[in-house]
Each structure stands twice: as structure tokens, then as C-alpha cells.
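Here is what each chain is made of, one letter per residue.
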Amino acid sequence: MEIVQVLALGLLMGGVYALLASGVTLIFGVLDVVNVAQGSFLVFSALFTWQIWDLLGIEPLLLIPVMGLAMGAMGWAIYRGMLVRVAPQGPGMTVLLMFGVALALEGILNIVFGNKYKSVTPPYFTESLTIGELVLPLPQLISGVVGALVLVGIYLYLRLSWAGRALRASAQNRDGAALVGISAVKSSALAFAIGAMTAGVGGVLLAIMYPIYPATQYDWIARLLGIVVLGGFGSIPGAVIGALILGLTESFAAAYVPEWSSLFFYGVILLILLFRPHGLLGERTREDVAA
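Since the model is a prediction, treat every value here as computed from it, not as a measurement.

Peer 1: Summarise the overall build of the protein; cite the residues concerned and give the values.
Peer 2: If you tally the helices and strands in the protein, you get twelve helices and two strands. For the protein, the α and β elements follow one another from N to C terminus as α-α-α-α-β-β-α-α-α-α-α-α-α-α. Over its C-alpha atoms the protein spans a radius of gyration of 19 Å, differing by no more than 12% from the 19 Å that the globule rule assigns to 291 residues. Projecting the C-alpha coordinates of the protein onto the three principal axes gives extents of approximately 55 × 45 × 35 Å. Counting every position in the protein, which comprises 291 residues, the buried fraction comes to 48%. By sequence separation, contacts in the protein at least 24 residues apart represent 78% of the contacts at least 6 residues apart. Here the protein displays about 13,800 Å² of accessible surface, and carbon together with sulfur accounts for 68% of that area.

Peer 1: Please set out the pattern of salt bridges residue by residue, giving values where relevant.
Peer 2: Scanning all chains against the criterion turns up one salt bridge. The salt bridge partner of Arg 223 is Glu 250, with a shortest N-O separation of 3.1 Å. With Arg 223 in helix α9 (residues 217-231) and Glu 250 in helix α10 (residues 236-256), the pair connects residues that are 27 residues apart, well separated along the chain.

Peer 1: Provide a residue-level description of the confidence of the model for the protein, including the pertinent values.
Peer 2: Chain-level pLDDT for the protein is 85 on average; 95% of the residues reach the 70-or-more range. Long-range and interchain partners of residues 285-291, a stretch whose pLDDT sits below 50, account for one contact in this model, where long-range means more than four residues apart.

Peer 1: Please give an account of α9 that cites residues and values.
Peer 2: Along its 15 residues, α9 runs 21 Å from first to last C-alpha, staying within 8% of the 21 Å computed at 1.5 Å per residue. Along α9, the residues classified as buried are Gln 217, Trp 220, Ile 221, Leu 224, Gly 226, Ile 227, Val 228, Leu 230 and Gly 231. Of the residues one or two after α9, Gly 232 is the one with positive phi, at around 110°.

Peer 1: Any details on the pairing of strand β1 (residues 128-131)? Residues and values, ideally.
Peer 2: Here four bridges tie β1 to strand β2 (residues 134-137), and the two strands are oriented antiparallel to one another. Bridge pairing in β2 links Ile 131 to Leu 134. Hairpin connection of β1 to β2: two residues between the antiparallel strands, including Gly 132 at a positive phi of 65°.

Peer 1: Explain the nonpolar core residue by residue, including any values.
Peer 2: Leu 31, Phe 41, Leu 83, Met 98 and Phe 192 are the most contacted members of the largest nonpolar core, which totals 77 residues. Not counting chain neighbours up to four residues away, the residues in contact with Phe 41 comprise Asn 35, Met 71, Met 74, Ile 78, Met 98, Val 101, Leu 105, Phe 192, Ala 196 and Ala 199.

Peer 1: With reference to specific residues and values, describe the side chain of Thr 49.
Peer 2: Along the chain, Thr 49 falls in helix α2 (residues 38-56). You can call Thr 49 buried: its relative accessible area is 0%. In this structure, Thr 49 is in contact with Pro 60, Leu 63, Met 67, Val 204 and Ala 207, ignoring residues within four places of it in sequence.

Peer 1: Break down the side chain of Ser 143 for me, with residues and values.
Peer 2: Its place among the elements puts Ser 143 in helix α5 (residues 138-160). Under the relative-accessibility criterion, Ser 143 is labelled buried at 0%. There is a polar contact of 3.5 Å between the side chain of Ser 143 and the backbone oxygen of Leu 205. In this structure, Ser 143 is in contact with Val 16, Leu 205, Ile 208 and Met 209, ignoring residues within four places of it in sequence.

Peer 1: Could you give me a rundown of the packing of aromatic side chains, with the residues and numbers involved?
Peer 2: Taken as a whole and assessed by the stated rule, the structure comprises nine aromatic pairs. Here Phe 44 and Phe 48 contribute two aromatic rings whose centre-to-centre distance is 4.6 Å and whose plane-to-plane angle is 35°, an arrangement assigned as tilted. Placement of both Phe 44 and Phe 48 in helix α2 is noted, with a separation of four residues, approximately one turn of the helix. Given a relative accessible area of 15%, Phe 44 falls into the buried group. Between Trp 50 and Phe 113, the aromatic rings sit 6.3 Å apart at their centres with planes inclined by 75°, giving edge-to-face as the arrangement. Taken together, the positions of Trp 50 in helix α2 and Phe 113 in helix α4 (residues 91-113) put the pair 63 residues apart, joining distant regions of the chain. One aromatic cluster is present, built from ring pairs that chain together Phe 44, Phe 48, Trp 50 and Phe 113. Residue placement shows Arg 223 over the ring face of Trp 220; its charged tip is 4.7 Å from the ring centre.

Peer 1: Run through α5, naming residues and quoting values.
Peer 2: For α5, built from 23 residues, the straight-helix expectation of 33 Å at 1.5 Å per residue is met to within 8% by its first-to-last C-alpha distance of 32 Å. Looking only at α5, the buried set comprises Leu 138, Pro 139, Gln 140, Leu 141, Ser 143, Gly 144, Val 146, Gly 147, Val 150, Leu 151, Ile 154 and Leu 158.

Peer 1: Break down a nonpolar patch on the surface for me, with residues and values.
Peer 2: Together, Val 152, Tyr 155, Leu 156 and Leu 160 line one region of the surface with nonpolar side chains, adding up to about 410 Å² of accessible area. Note that Tyr 155 resides in helix α5. A residue is classified by how much of its surface remains accessible, and Tyr 155, at 47% relative accessible area, is partly exposed.

Peer 1: Summarise the packing of α5 against helix α6 (residues 162-172); cite the residues concerned and give the values.
Peer 2: Each pair of packed helices can be described by the angle between their axes along with the distance between the axes. Viewed as axis vectors pointing N to C, α5 and α6 meet at an angle of 80°, and their least axial separation amounts to 5 Å. Relative to α6, the element α5 lies roughly perpendicular. From α5, Tyr 157, Leu 158, Arg 159 and Leu 160 reach across to α6, where they touch Trp 162, Ala 163, Gly 164, Arg 165, Leu 167 and Arg 168. Residue composition of the contact of α5 with α6, grouped by class: six nonpolar, one polar and three charged.

Rules and cut-offs
Residues numbered from 1 in each chain as written. Predicted model: local features only at pLDDT ≥ 70, side-chain atom pairs only at ≥ 80, totals over all residues. Heavy atoms only, no water. Helix = DSSP H or I, 4+ residues; strand = E, 2+ residues; numbered from the N terminus. Rg over C-alpha atoms; globule rule 2.2 N^0.38 Å. Buried < 20%, exposed > 50% of the residue type's maximum accessible area, 1.4 Å probe, protein only. Contact = heavy atoms within 4.5 Å. Areas by Shrake-Rupley, 256 points an atom, 1.4 Å probe, with all protein chains shown as cover. Salt bridge = Lys/Arg side-chain N within 4 Å of Asp/Glu carboxyl O. pLDDT = per-residue confidence, 0-100. Expected span 1.5 Å × (residues − 1). Pairing = 2+ DSSP bridges. Core = buried A, V, L, I, M, F, W, Y, C linked by side-chain atoms within 4.5 Å. Polar contact = N/O pair within 3.5 Å; in protein donor to acceptor, adjacent residues only side chain to side chain. Phe/Tyr/Trp six-rings, centres within 6.5 Å; stacked < 30°, edge-to-face > 60°. Lys NZ or Arg CZ within 6 Å of the ring centre and 35° of its normal. Patch = residues over 30% accessible without salt bridge, like charges linked within 9 Å, V, L, I, M, F, W, Y side chains within 5 Å. Axes fitted to C-alpha atoms, helices over the stretch in contact; angles between N-to-C directions. Parallel < 35°, antiparallel > 145°, perpendicular 65-115°, else oblique. Nonpolar A, V, L, I, M, F, W, Y, C, P; charged D, E, K, R; others polar.

Here's what the structure looks like:
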């Protein structure tokens, strides 16, 4: 039964990780940009969730659409105001730009909130759902379910809506999409906004699970990039698989060898990349085509 308990907790965390990593891999798939600022977006959302909860006492889960829309709008503004100007200069410059955005956001958060841990503690923060011998902490259960539902919603939006189909067409062949009237700039702005929105939603979920302070952005971007590299850059199904592997690995390591939890996951990444350098579901790129 202990193994079932560990599996359940790992899958719940994997659902949250999958939501967060999907934003990073979607942005890369459409824009060919590695968004190293996603961790700072996540912490930004979490700390402002704490601030609103602390001042007004609002149930934090009600802030999910608010923070999702707010971070989506911020992502759209960052793309249209800065990234669209730098993207033609190549991937190196976009990484430097987004790293600068991450540092700027961290500095703002340090000024506003200070370098101290903040934690949202709603009434269910210490409660659990018991099913037989299985004990599921409510914050993790709620976050895992909400993360999975939002991820399914994004998938359906990308599959069924006209804007989603246009976005996928632009990701597959930007020049071909332009020939049928799909604007690469608008598609890229939408992709970046959706990616930032996942950080907005994820920030609310993390705020009810873990203490957060500005510098924790480095821990989260390391996790998310690890997931995306493992799953394959640009592959949302790959990000989901990588997220589940991370969630399960952390859960088993925390239960049996807690001091080695981080080493286990990154060890799995190294082992898989030895045999599949492009990730689990990433596409192999020929050097002559890439050139």
C-alpha cells in the first residue's frame, strides 16, 4: 500500500509539472525560443496570489482565472514589446533577453516582497482525503486535478479552435502558414501568452502547496527545462511524460532516499539522453536542414 501512496502523490505532482512544462515547450515549438523566464513568471504569480490572499482573504483557487489572464496579458506584452524585436537576431539573443526579464522580475519581487518565504494557508492546507489506507493531502490533490484539467483545456483549444489550428500550422511551417494568411507574429504572440498563462495558473497552485520567495525561480526553471529536455523540445506529449517521470521520481526518492531526490531525476535525464539525445518524443533534426 505504501507504493500506491507514493505513486498517487507522484502522479498528482506530475499533473502540476505537466501544466507548467507545457507552456515552455509550446513557446519553443512555435517561436523557437527557450523561455528561461518561465520560473520568474511562476514565482511572480505565486507571490501576488499570496498578497491578494493576505490582504483580502479571498479563496486562492478563485484567483486562478485572474492570475492566468494577468500573466497571459503580461506575456503578450513582453512578446510584442521586446521579443518580437530581438527574435530575428537568433536564439542566443532571445535567451539573453528572457534571462534579463527573469532577473528584472526577481529584482522587482525582492523590492516588493523582500527575500522571505511566503505561504498561502487556506483552511484545507493541512487537510487530507482518506480513501481506505490511501491519504491524499488536499493541496496536492486539488493542484494535480486542476493542473490536469487546465492542460486538457489547452489541448482542446489548440486542437479545436481556429486560433489553435493556426498556431499549430505556424509551428509546423511558418512560411506555408503565411501563404494561407496566418500571421506569424500574431501566432507567436498567442503562443507566448498561453505559455505565460500556464505560469499564472501554476503560480496559484504552487502557492497553496509550497512556501515561495523570489529566488525560488531558479529551482523551478531548472525543473521545467529538465522536463522539456527529457520529453523533447516542442513536444507537449513529451513534456507530459517528462513531468510524470519527474513527479514519480521525486515521490519515490522522497519516500526512500530523500537526500538523493534531485540526483535521481537528473540521472534519469542523462541516462535517457545517452540513447535519445533529442528527448523521448522530440524530433531528430538533420544538420544540413538545420543549417
